[in-house]
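Structure at a glance
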Amino acid sequence: MSTETGHIDRQGKKMGMWFFLFTEILFFGGMFLLYSIFRSKYAQDFHRGAAGENLLLGTINTVILLTSSYTIALSVSAIRKGKKLLSSRLQAVTIVMGLAFLTIKYFEWDAKIALGLYPDSPILLKLGKGEILFFGLYYVMTGLHGLHVLAGCVVIAFMLSFTLVGTINREKYARLENTGLYWHFVDIVWIYLYPLFYLVT
Amino acid sequence: MDGQYSEDHIVTTRTYTVAWLALLLLLAATIAVARLDLLARFSVLGSLVIASMKAGLVLAFFMHLKYEGRFLKALLAGTLFALTVLIGLTFVDVWYR
């Protein structure tokens, strides 16, 4: 909030968000640690597991998330130039892309579950130890990432409403900027998940 | 703090567009490397290097890190260092158990 002199501590507001992101880095970092340890122990099983992933859908989702980072970044620039309508539209487009990402993810999970590949399924339990671990990590990591995308969509929807009513404007845009930082972080997590689950076979 | 903060810096649309195109190019590159098996047994390392280049672009431009002061950059470096130590020491433990 602004003080009596009307000064806004933009740096402090951003710093708070970055501290939260540091905890998020370590949160996902723990899962990346598990992935890399088990991958080094069960290289062949992970190889076979990753070969069953749908590369096309994974790639489309990567393009979607990279582009949505671009649009949310542009929306912050737009509001800082006082372009309220443009900023609102870019935020709306970002939400649509986030939802498109989740929809594609749904179809991917659905296809896997139809094959009987879900945690604790009889088919999965007959496979090797490494493959059980691979699919376990797949569901946990893409699932938690998906939850972050969903949370991001909800938060951006709030930012969109604040922008439309004008409480986010060219002077006060810290909330939108921090939302953008969160969205970019979620994008970065996917940037690492994509090669680990879809490419490295 | 070092007073390098550029609060009023608005990254241009052009810069964002170039960063976005570079990200798509790197995506194409990482698929090519993996599918054509260009790096053979270094493919895991290659994929992670390309992913880190993509993450670097997102951090530098979309997340404005390029325009931030040294303090914030040092904090991020510290976090990444902690994660590297965590992963590194765990691997040492697993390998030499």
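Remember, it's a predicted structure, so these values are computed and weren't measured experimentally. The residue count restarts for each chain, going from 1 along the sequence in the order it is written. Whichever chain is written first becomes A and whichever ligand is written first becomes 1, with later ones labelled in order. Local features in this predicted model are restricted to residues of pLDDT 70 or higher, and side-chain atom pairs are both shown and tallied only at a pLDDT of 80 or more, whereas totals for entire chains, interfaces and linings draw on every residue. Water and hydrogen atoms were dropped before computing side-chain values, which therefore reflect all heavy atoms in the structure.

**Structural notes on the overall build of chain B**
The criterion, for reference: Numbered from the N terminus, helices here are DSSP runs of H or I no shorter than four residues, and strands are runs of E no shorter than two. The quantity called the radius of gyration is restricted to C-alpha atoms. Its globule counterpart is 2.2 Å times the number of residues to the power 0.38. Burial classes: relative accessible area under 20% of the type maximum marks a residue as buried, over 50% as exposed, and values in between as partly exposed (1.4 Å probe, protein chains only). Two residues qualify as a contact provided that any one of their heavy atoms is within 4.5 Å of a heavy atom in the partner residue. Here the Shrake-Rupley method, with its probe set to 1.4 Å, supplies the accessible areas, and only the displayed protein chains count as covering residues. A residue counts as positive if it is Lys or Arg and as negative if it is Asp or Glu; His and the chain ends are not included. By convention, charge coordinates are those of NZ in Lys, CZ in Arg, CG in Asp, or CD in Glu.
Secondary structure assignment for chain B yields three helices and zero strands. Mapped from its N terminus to its C terminus, chain B presents α and β elements in the order α-α-α. Here the C-alpha radius of gyration of chain B, 17 Å, is well above what a compact globule of 97 residues would show, namely 13 Å. When its C-alpha atoms are laid out on the principal axes, chain B stretches across 50 × 35 × 10 Å. Put simply, chain B has 97 residues, and 35% of those count as buried. A sequence separation of at least 24 residues applies to 67% of the contacts in chain B between residues at least 6 apart. Accessible surface, chain B: about 5,800 Å² in total, of which carbon and sulfur atoms supply 69%. The centroid of the 8 positive side-chain charges in chain B is displaced by 11 Å from the centroid of its 6 negative side-chain charges.

**Here's the deal with helix H7 (residues 174-199) of chain A**
Quick reminder of the rule: Multiply 1.5 Å by the residue count of a helix minus one, and that product is the helix's expected span. Here the bend at each residue means the angle between axes fitted to two seven-residue stretches, the one ending at that residue and the one beginning there.
In a regular helix each residue adds 1.5 Å, so 26 residues correspond to 38 Å; H7(A) covers 37 Å between its end C-alpha atoms and thus fits that length. Within H7(A), the axis deviates most sharply at Leu193(A), by approximately 30°, and proline Pro195(A) lies no more than four positions further along.

**Some thoughts on the interface of chain B and chain A**
Keep this limit in mind: Here's the idea: put two parts together, see how much 1.4 Å probe accessible area each one loses, and the total over both is what we call buried area. Counted as salt bridges are all cases of a side-chain nitrogen of Lys or Arg within 4 Å of a carboxyl oxygen of Asp or Glu. Polar contacts, as counted here, are pairs of nitrogen or oxygen atoms within 3.5 Å of one another; within protein the pair requires one atom able to donate a hydrogen and one able to accept it, and residues that are adjacent in sequence qualify only if both atoms are side-chain atoms. When residue character is reported, Ala, Val, Leu, Ile, Met, Phe, Trp, Tyr, Cys and Pro are called nonpolar, Asp, Glu, Lys and Arg charged, and the others, Gly included, polar.
Counting from both sides, the interface comprises 43 residues of chain B and, opposite them, 43 residues of chain A. Summing both sides of the interface, chain B and chain A together bury roughly 4,000 Å²; the carbon and sulfur share of this comes to 77%. Linking chain B with chain A are one salt bridge, by the criterion used here. Between Lys14(A) and Glu68(B) there is a salt bridge; the shortest N-O distance is 2.8 Å. The interface formed by chain B and chain A holds seven residue pairs in polar contact (both at pLDDT 80 or more) in total. If you list the elements that add at least two residues to the side of chain B that touches chain A, you get helix H1 (13-35), helix H2 (43-62) and helix H3 (70-95) of chain B. The biggest single contributor to the side of chain B that touches chain A is H3(B), with 12 residues. Across the side of chain B that touches chain A, the residue classes tally to 29 nonpolar, nine polar and five charged.

**Observations regarding the environment of Met63(B)**
Positionally, Met63(B) belongs in the loop between H2 and H3. Owing to a relative accessible area of 2%, Met63(B) belongs among the buried residues under this scheme.

**Description of the side chain of Lys14(A)**
Relative to the helices and strands, Lys14(A) resides in helix H1 (residues 10-41). Assessed through its relative accessible area of 11%, Lys14(A) is described here as buried. A polar contact of 2.8 Å, which involves the side chain of Lys14(A), links it to the side chain of Glu68(B).

**A look at the packing of aromatic side chains**
Inclusion rule: In this scheme Phe, Tyr and Trp rings, the latter by its six-membered ring, pair at centre separations within 6.5 Å, and the angle between planes marks the pair as stacked below 30 degrees, edge-to-face above 60, and tilted otherwise. A positively charged side chain is recorded as over a ring if its NZ (Lys) or CZ (Arg) lies within 6 Å of the ring centre. The angle to the ring normal must also be within 35 degrees.
Inspection of every chain in the model, using the stated rule, returns 22 aromatic pairs over all chains. Between Phe20(A) and Tyr182(A), the ring centres sit 6.3 Å apart and the planes meet at 20°, which makes this aromatic pair stacked. Note that Phe20(A) is positioned in helix H1 and Tyr182(A) in helix H7, a separation of 162 residues in sequence. Considering the side-chain rings of Phe91(B) and Trp95(B), the 5.1 Å spacing of their centres and the 50° angle between planes classify their relative orientation as tilted. Here Phe91(B) and its partner Trp95(B) are both found in helix H3, four residues apart, which amounts to about one turn of the helix. Trp95(B) gets classed as exposed once you look at its relative accessible area, which sits at 57%. Of the aromatic side chains, those joined through ring pairs into one cluster are Tyr35(A), Phe46(A), Trp109(A), Phe134(A), Phe135(A), Tyr138(A), Tyr139(A) and Phe197(A). For the cation-ring pair, Lys112(A) lies above Tyr138(A), with the distance from its terminal atom to the ring centre recorded as 4.7 Å. Over the aromatic face of Phe162(A) sits the side chain of Arg175(A), whose NZ or CZ is 4.5 Å from the ring centroid.

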